[in-house]
Amino acid sequence: AGSSILVAGLLATPAAVAGPVPAEERDEVCAVGVHAVEPGAAVSAAEPVVDCFASFAEAVEFATDGELSAASPAELELAVETETVAMASVVLGYEYKGSSYSGGSLVLYGTSGSGCGSGSTYGFSSMPSGWSNVISSAKVFASCWSIHYDYTGYSGDRRTCTGSCSSLGTMNNRTSSILFTPRS
């Protein structure tokens, strides 16, 4: 926190974020963030902390410290592609429990760095509670590709998503860790 980071997005008037939804109500939209890892450095194996919300807009506002407003994945995609603003975090992508971008969604964001365009990598060595082996589709931003792994710690079978993956094919409902890497 405190340093500005460039991310493709749309500057919006920050709306009040209602805050995390109690654990017993978690189902729809969650957000989880990690720090950037510079080229050549080891990716952390720490378990990410997840915060869940009643709406997609609340999750995006939380993930971007209120700097970005998007009520739906389509609005987020448009915002990420249109303007560049200074932000405290960068949206890396989002994951869906259903195919074709349906069902509950998880916003993955970097709490440092400016995305993969600078050569940084972001690793989610395990999925947060309720998100292991349930992901069926994904979208990727911030000059990244996402690699979905079958096991925690970035091992086992894998599938690379190079933008929008309406299906993860043989990796459907098998993601236990995700690595965001620079596009190659």
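Residues numbered from 1 in each chain as written. Predicted model: local features only at pLDDT ≥ 70, side-chain atom pairs only at ≥ 80, totals over all residues. Heavy atoms only, no water.

Novice: Can you tell me about helix α1 (residues 56-63), naming the residues and giving the values?
Specialist: Buried residues dominate α1, accounting for seven of its eight residues. Those residues of α1 lying buried are Phe56, Ala57, Glu58, Ala59, Val60, Glu61 and Ala63. Immediately beyond the C-terminal end of α1, within one or two residues, lies Asp65, with a positive phi of roughly 55°. (Buried < 20%, exposed > 50% of the residue type's maximum accessible area, 1.4 Å probe, protein only. Helix = DSSP H or I, 4+ residues; strand = E, 2+ residues; numbered from the N terminus.)

Novice: Residue-level account of the sheet that holds strand β9 (residues 144-151), with values.
Specialist: Sheet strands line up and pair through hydrogen bonds in the backbone, either parallel or antiparallel. Overall, antiparallel pairing links the four strands, which are arranged β7-β12-β9-β10 in an open sheet. Each edge of the open sheet is held by one strand with a lone partner, namely β7 (122-124) and β10 (155-161). Each strand axis lies, on average, 20° off the axis of its neighbour in the sheet, ignoring direction. (Pairing = 2+ DSSP bridges. Axes fitted to C-alpha atoms, helices over the stretch in contact; angles between N-to-C directions.)

Novice: Explain the nonpolar core to me, using residue names and the numbers behind them.
Specialist: Ranked by size, the top nonpolar core spans 26 residues in total, and within it Leu92, Leu106, Leu108, Tyr122, Phe124, Cys144 and Phe180 carry the most contacts. Among the secondary structure elements, those contributing two or more residues to this core are β2 (29-34), β3 (50-53), β5 (90-98), β6 (102-110), β7, β8 (137-140) and β12 (177-182). Top contributing element to this core by residue count: β2, with three residues. Residues Val60, Ala70, Tyr94 and Tyr96 belong to the second largest nonpolar core, which totals 16 residues. (Core = buried A, V, L, I, M, F, W, Y, C linked by side-chain atoms within 4.5 Å.)

Novice: So what about the sheet that holds strand β11 (residues 164-165)? Which residues, and what values?
Specialist: Reading across from one edge, β3-β2-β6-β5-β8-β11 is the order of the six strands in this open sheet, with mixed pairing throughout. With partners counted over all chains shown, the strands left at the sheet margins are β3 and β11, one partner each. With four bridges connecting them, β5 and β8 associate as antiparallel partners. Directly across from Gly93, in β8, lies its bridge partner Val140.

Novice: Describe the pattern of salt bridges, with residues and values.
Specialist: Taken as a whole and assessed by the stated rule, the structure comprises two salt bridges. As a salt-bridge pair, Asp150 and Arg174 come within 2.9 Å of each other at their nearest N and O atoms. Within this pair, whereas Asp150 is found in strand β9, its partner Arg174 is found in the loop between β11 and β12, the two being separated by 24 residues in sequence. The exposure class of Arg174 is partly exposed, given its relative accessible area of 22%. The partner of Arg174 in a salt bridge is Asp157, with the nearest N and O atoms 2.7 Å apart. With Arg174 in the loop between β11 and β12 and Asp157 in strand β10, the pair connects residues that are 17 residues apart, well separated along the chain. Residues joined in a network through salt bridges with shared partners are Asp150, Asp157 and Arg174. (Salt bridge = Lys/Arg side-chain N within 4 Å of Asp/Glu carboxyl O.)

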